[in-house]
Amino acid sequence: MRVLGIETSCDETGIAIYDSEHGLLAHVLRTQAPLHANYGGVVPELASRDHVRHLIPLIRSALCEASCEAQDLAGVSYTAGPGLIGALLAGAAVARSLAWSLGIPCLGVHHMEGHLLAPMLEPTPPEPPLLALLVSGGHTQLVDMARVGSYRILGESVDDAAGEAFDKTAKLLGLGYPGGPALERLAELGEAGRFVFPRPMTNRPGLNFSFSGLKTFTLQTLRTTRDDQKTRADIARAFADAVVDTLVIKCRRALKATGYRRLVAAGGVSANRALRARLRELSGEGIQVYYPRPEFCTDNGAMIAYAGWVRLRAGHRDGLEFPVRPRWPLAELPPV
Ligand code: KG4
Ligand code: ZN
């Protein structure tokens, strides 16, 4: 079964073709980062219009890369939420129309389930039951994945998501958009321990996160020290170390609570080298850690094609209407 996946939840147009026998046949990605950089963040209307402009040419490129025709597809999946409503609708409309014209099934999938399943595209895919750390621009969640499609949220951020905290702190440090990768690079130049930021909500029980205080901490540190390039790098390091440490502490806690020995880290922030290195250390404690390759940590079409295939294979179908959901709790998904 060959499935075309379409991702348009935010500022990336991702298209991919997944084949049940041969794996990933093609994936193409257009990032809108330069378009939004001037504004310091994603402008929703510009995002929708850019998706509309590039969806069809990118689908053509993906079909070409996979050396196949639209008629060879057996299904289409698209991100139905959570995300920006206009951006979601752009992908949904194209997916639905294409599937209808080809007479094949179509399915709207959950963006975070896409992230969660992305490591399954790697040569040694993780087997549930497992614990998942989902860290993106909009979400920070610890998820108990009993099996594919059954998700229980064990903890999540009560304010900013980890990626959002990276982006906002990057802005304070005068770094461009998107902030996560830029802050990571600056932090790698910084001196560990010159500034020490708190590890929020780690001194009490529970698996929730709170990252918004760290940007206030950044601001205060910037105001009270001499502002030079070294200081900025040291602050970036203190911030990144605090986020990574907090995530690792909570993962360890959740692994203990669930008794699981497998951990998946996914979503944009899981591309962070320091986080990956710290989580890898858990293997010394008998925990197997899985990540997507870095390009599949951030938004992409491959994870949507794969998640779509998993559910289409199980017989899940949508009707002709195409609802999209800007907000969509992961735990509401039906089991596969
Ligand atoms: O999963 P994603 O591409 O989009 C959402 O679903 O939100 O995640 C994007 C987020 C952004 O906040 C971005 O700054 C962050 O992931 N990010 C990173 C890194 N790469 C992307 N944060 C820290 N280090 C990185 N290397
Ligand atoms: Zn995402």
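As shown above, the structure is provided for reference.
Quick caveat, the model's predicted, so the values are computed rather than measured.

(A) Local environment of the site of ligand 1. Around ligand 1, 20 residues are found, and the nearest of them are H115, G137, D167, N272 and D299. G137 places a main-chain nitrogen or oxygen 2.8 Å from an oxygen atom of ligand 1. In this structure, D167 approaches ligand 1 through a side-chain N or O atom, which is 2.6 Å from an oxygen atom. Burial of ligand 1 by the protein amounts to 88% of the accessible area it has alone, namely 550 Å². At the level of elements, α4 (111-117), α5 (162-172) and α6 (179-189) are the ones that each hand at least two residues to the shell around ligand 1. The dominant element in the shell around ligand 1, judged by the number of residues it contributes, is α5, at four residues. There are two domains that each give the shell around ligand 1 at least three residues, and those are domain 1 (2-117 + 296-332) and domain 2 (128-291).

(B) Molecular detail of the sheet that holds strand β3 (residues 23-31). Spatially, β3-β2-β1-β4-β5 is the arrangement adopted by the five strands of the open sheet, whose pairing is mixed. The open sheet has two edge strands, β3 and β5 (106-110), and neither has a second partner. Pairs of neighbouring strands in the sheet enclose a mean axial angle of 20°, with direction left out of account. Taken together, the eight bridges between strand β2 (residues 12-19) and β3 define a ladder with antiparallel strand orientation. Bridged to G14 within β3 is L29. Strand contacts of helix α2 (residues 44-65): β1 (2-7), β2 and β3, with the helix running at about 150° to β3, the strand carrying the most contacts. On top of the sheet, helix α10 (residues 302-313) reaches β1, β2, β3, β4 (75-81) and β5; it is set at about 130° to β1, its chief contact.

(C) Representation of the side chain of T202 in the model. Looking at the secondary structure, you find T202 in the loop between α6 and α7 (212-224). Taking the relative accessible area as the measure of exposure, T202 reaches 18% and is therefore buried.

(D) Region of the structure containing unusual backbone geometry. In this chain, G81 is followed by P82 through a cis amide linkage whose omega measures -10°. Here P82 is to be found in the loop between β4 and α3 (85-102). Positive phi is not limited to glycine here, since S67 has a value of about 50°. For S67, the location among the structural elements is in the loop between α2 and β4. Judged by its relative accessible area of 66%, S67 is exposed. Residues other than glycine seldom take positive phi values, yet M201 does so here, at roughly 60°. With respect to the secondary-structure elements, M201 resides in the loop between α6 and α7.

(E) Broad picture of the packing of α2 against α3. The contact between α2 and α3 brings their axes to 9 Å, and the two run at 30°. The angle between the axes of α2 and α3 places the two elements in the roughly parallel class. Our pair here, α2 against α3, has a crossing hand that is right-handed. Together, S48, H51, V52, L55, I56 and I59 of α2 and G86, A87, A90, G91 and V94 of α3 make up the contact between the two elements. Tallied by class, the residues present in the contact of α2 with α3 amount to seven nonpolar, four polar and no charged.

(F) Seen up close, α2. Look at α2: 29 Å from first C-alpha to last across 22 residues, which is about the 32 Å you get at 1.5 Å a residue. The largest bend in α2 comes to about 40°, at H54, with the proline P57 one to four residues further on. Every buried residue of α2 is accounted for by A47, S48, D50, H51, L55, L58, I59, A62 and L63. Buried positions along α2 lie against β1, β2, β3, α1 (33-37) and α3. At the C-terminal side of α2, S67 shows a positive phi close to 50°.

(G) Here's a closer look at the pattern of salt bridges. According to the stated counting rule, one finds 24 salt bridges in the structure shown. With a closest N to O distance of 3.0 Å, R152 and D144 form a salt bridge. Look at R152 and you get partly exposed, because its relative accessible area is 49%. With a relative accessible area of 9%, D144 lands in the buried category.

Rules used throughout
- Residues numbered from 1 in each chain as written.
- Chains lettered and ligands numbered in written order.
- Predicted model: local features only at pLDDT ≥ 70, side-chain atom pairs only at ≥ 80, totals over all residues.
- Heavy atoms only, no water.
- Near = heavy atom within 4 Å.
- Polar contact = N/O pair within 3.5 Å; in protein donor to acceptor, adjacent residues only side chain to side chain.
- Areas by Shrake-Rupley, 256 points an atom, 1.4 Å probe, with all protein chains shown as cover.
- Helix = DSSP H or I, 4+ residues; strand = E, 2+ residues; numbered from the N terminus.
- Domains from an automatic or database assignment.
- Pairing = 2+ DSSP bridges.
- Axes fitted to C-alpha atoms, helices over the stretch in contact; angles between N-to-C directions.
- Contact = heavy atoms within 4.5 Å.
- Buried < 20%, exposed > 50% of the residue type's maximum accessible area, 1.4 Å probe, protein only.
- Parallel < 35°, antiparallel > 145°, perpendicular 65-115°, else oblique.
- Left-handed = near helix turned anticlockwise from the far one by under 90°.
- Nonpolar A, V, L, I, M, F, W, Y, C, P; charged D, E, K, R; others polar.
- Expected span 1.5 Å × (residues − 1).
- Bend = angle between axes of the 7 residues up to and from the residue.
- Salt bridge = Lys/Arg side-chain N within 4 Å of Asp/Glu carboxyl O.

So far we have only geometry, and geometry alone does not tell us how the molecule works.
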